[in-house]
Amino acid sequence: MSEGEMTGTEHAGQAGRLSVVTTATDGIRVLAPAGEVDHHTGDTLRDALAARDMARPRIVVDLRQVTFMDSSGINILLAAHLDATATDGGWLRLADVQPTVMRTLDIVGIPHIIPCHPSLQEALTA
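The notes below deal with the structure included here. (Residues numbered from 1 in each chain as written. Predicted model: local features only at pLDDT ≥ 70, side-chain atom pairs only at ≥ 80, totals over all residues. Heavy atoms only, no water.)

This part is about the overall build of the chain. Within the chain, the regular secondary structure consists of four helices and seven strands. Its helices and strands in sequence order give the chain the pattern β-β-β-α-β-β-α-β-α-β-α, from N to C terminus. For the chain, with 126 residues in total, the buried portion stands at 44%. (Helix = DSSP H or I, 4+ residues; strand = E, 2+ residues; numbered from the N terminus. Buried < 20%, exposed > 50% of the residue type's maximum accessible area, 1.4 Å probe, protein only.)

What follows is the structure, given as structure tokens:
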């Protein structure tokens, strides 16, 4: 599969105000959540991030359609980052974070822990 080509929806879910579509690009799992990530909707993102079936989890979360994230979402991202990086060669990257969500991530220092990229393409090729 060529770089940047996306095929196959592996997971699409809806819980309240959040949906997550998961695709794959060159062996990288790409998650595209849409809506708000909070205490009530976080399980949808947590379930999509679970990398149980991946020997070397490489995950990009494209946050361009996330309009709000509270501490629940931050904790979910941190846990997923720890899970992914616990495996040799595994990683988690964030892409296209909108300003309102980036402000929240900046306040708690997430960009110092999880790489944040301005676009999906940059996150895929970093």
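That shown, we press on.
Another point: the packing of helix α1 (residues 42-49) against helix α2 (residues 71-85). At a minimum axis distance of 10 Å, the contact between α1 and α2 shows a crossing angle of 10°. Taken together, the axis directions place α1 and α2 in an arrangement best described as roughly parallel. Contacts between α1 and α2 pair G42, L45, R46 and L49 from the former with I76, L77 and A80 from the latter. Grouping the constituent residues of the contact of α1 with α2 by class yields five nonpolar, one polar and one charged. (Axes fitted to C-alpha atoms, helices over the stretch in contact; angles between N-to-C directions. Parallel < 35°, antiparallel > 145°, perpendicular 65-115°, else oblique. Contact = heavy atoms within 4.5 Å. Nonpolar A, V, L, I, M, F, W, Y, C, P; charged D, E, K, R; others polar.)

What follows covers α1. Among the residues of α1, those classed as buried are G42, T44, L45, A48 and L49. End-on view of α1: buried residues confined to an arc of 160°, all on one side of the axis. (Arc of directions from axis to C-beta.)

This next bit is on the nonpolar core. L49, M69, L94 and L105 are the most contacted members of the largest nonpolar core, which totals 24 residues. Counting residues per element, the ones that place at least two in this core are β2 (18-25), β3 (28-37), α1, β4 (58-62), β5 (65-69), α2, β6 (91-95) and α3 (99-107). Apart from the residues within four sequence positions on either side, M69 is in contact with V37, L63, I74, L77, V101, T104 and L105. Membership of the second largest hydrophobic core comes to eight residues, among which are I28, V30, L120 and L124. (Core = buried A, V, L, I, M, F, W, Y, C linked by side-chain atoms within 4.5 Å.)

Glancing now at the pattern of salt bridges. Counted under the stated rule, the structure contains four salt bridges. Between D38 and R17 there is a salt bridge whose closest N-O contact spans 2.3 Å. Of this pair, D38 sits in the loop between β3 and α1 while R17 sits in the loop between β1 (7-15) and β2, and the two are 21 residues apart along the sequence. Residue classification places R17 among the partly exposed residues on the basis of a relative accessible area of 44%. With a closest N to O distance of 2.4 Å, R46 and D43 form a salt bridge. Taken together, the positions of R46 and D43, both in helix α1 and three residues apart, correspond to about one turn of that helix. (Salt bridge = Lys/Arg side-chain N within 4 Å of Asp/Glu carboxyl O.)

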